[in-house]
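Below are the chains, spelled out letter by letter.
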Amino acid sequence: PRQERRSWYGSAVRRSGAQPHYIEHMFETLGEGYLSAQMRDVRVLDDQINVWHRPAAPGSPTIVLIHGLTGTSRWWVPVITELADILGLVSIDVRGRGQSWEAPGPYHLSALAEDVVGVMDALDIGQAVLAGYSMGAWIAALVAIEHPERVDRLVLVDGGLAVDPDPTIDAEEALSRAVGPSLARLKMEFEDETAYFEWWRRHPALEGRWNPGMEQV
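Structure report, in brief. (Residues numbered from 1 in each chain as written. Predicted model: local features only at pLDDT ≥ 70, side-chain atom pairs only at ≥ 80, totals over all residues. Heavy atoms only, no water.)

## Thoughts on the side chain of Arg54
The cut-off we apply is this: Only DSSP runs of H or I with at least four residues qualify as helices, and only runs of E with at least two residues qualify as strands; both kinds are numbered from the N terminus onward. Exposed residues in this analysis have more than 50% of their type's maximum accessible area, buried residues have under 20%, and partly exposed residues fall in between, with area computed by a 1.4 Å probe over protein chains only. Polar contact is the term for a pair of N or O atoms within 3.5 Å; when the atoms are in protein, one must be able to donate a hydrogen and the other to accept it, and sequence-neighboring residues count only if both atoms are side-chain atoms.
Structurally, Arg54 is set in strand 2 (residues 49–54). For Arg54, a relative accessible area of 4% gives the class buried. Of the polar contacts made by the side chain of Arg54, one reaches the backbone oxygen of Ala84; its length is 2.9 Å. Among the polar contacts made by the side chain of Arg54, one reaches the main-chain carbonyl oxygen of Leu87 at a distance of 2.9 Å.

Written out as structure tokens, the structure reads:
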């Protein structure tokens, strides 16, 4: 059922929160200096949700960027650097992730979709292009379903399609199968940044595709 599918992802978000010291280090690395002339961190929704924001030039559209389960607003850095300066950008730290890690629940997809609409309201954005990756694609798709008037276009990257649960297994097993590898990665520890990137360079999905932008995420 639709609501059950949403609850699986909410459970994953709730159970996969990174530790505060990791988040602080990451934002010290990526938030200071890099794109700082254009992008600013803004707190919205009663100071619970952090967004990385650049206002649009007059008459130009805004793109709302929604990261995946294990990502943050900075996941989109390589994409942002390729977009025209006139475009408005809103890269959201989804509730429970990044600099929104302290935001209380609920964390199910419906709540996260409403956060996106709330962010747009707070920034006075009537309509935007929504781009989502992985879990972010499901959030973006849900916004388009429940608030179609707020979505100009929809960009879904590796997610957003229907996932029908196997009726022969319980919700915990379904969650493990769907996002188990992502949750497991959050528990991995590396000696240093070089070791971390080396692990990813050897990943079969990235063979022959590694580029410098990946080390900025």
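The structure having been displayed, the exposition proceeds.
## Considerations on the packing of aromatic side chains
We count it as follows: Here a pair means two rings of Phe, Tyr or Trp (six-membered ring of Trp) with centres within 6.5 Å. Their orientation is stacked below 30 degrees between planes, edge-to-face above 60, and tilted elsewhere. We call a charge positioned above a ring when the Lys NZ or Arg CZ atom is no farther than 6 Å from the ring centre and deviates by at most 35 degrees from the ring normal.
Within the structure shown, the criterion is met by seven aromatic pairs. Ring centres 5.3 Å apart and planes at 85 degrees place the aromatic pair Phe190 and Tyr196 in the edge-to-face group. Judged by its relative accessible area of 31%, Tyr196 is partly exposed. Ring geometry for Phe197 against Trp210: centres 6.3 Å apart, planes inclined by 70 degrees, an arrangement best described as edge-to-face. In this pair, Phe197 sits in helix 7 (residues 193–201) while Trp210 sits in the segment after helix 7, placing the two residues 13 residues apart along the sequence. For Phe197, a relative accessible area of 7% corresponds to the buried category. Aromatic ring contacts, followed pair by pair, group Phe190, Tyr196, Phe197, Trp199, Trp200 and Trp210 into a single cluster. Seen from the ring of Trp52, Arg74 lies directly overhead, with NZ or CZ sitting 4.0 Å from the centre.

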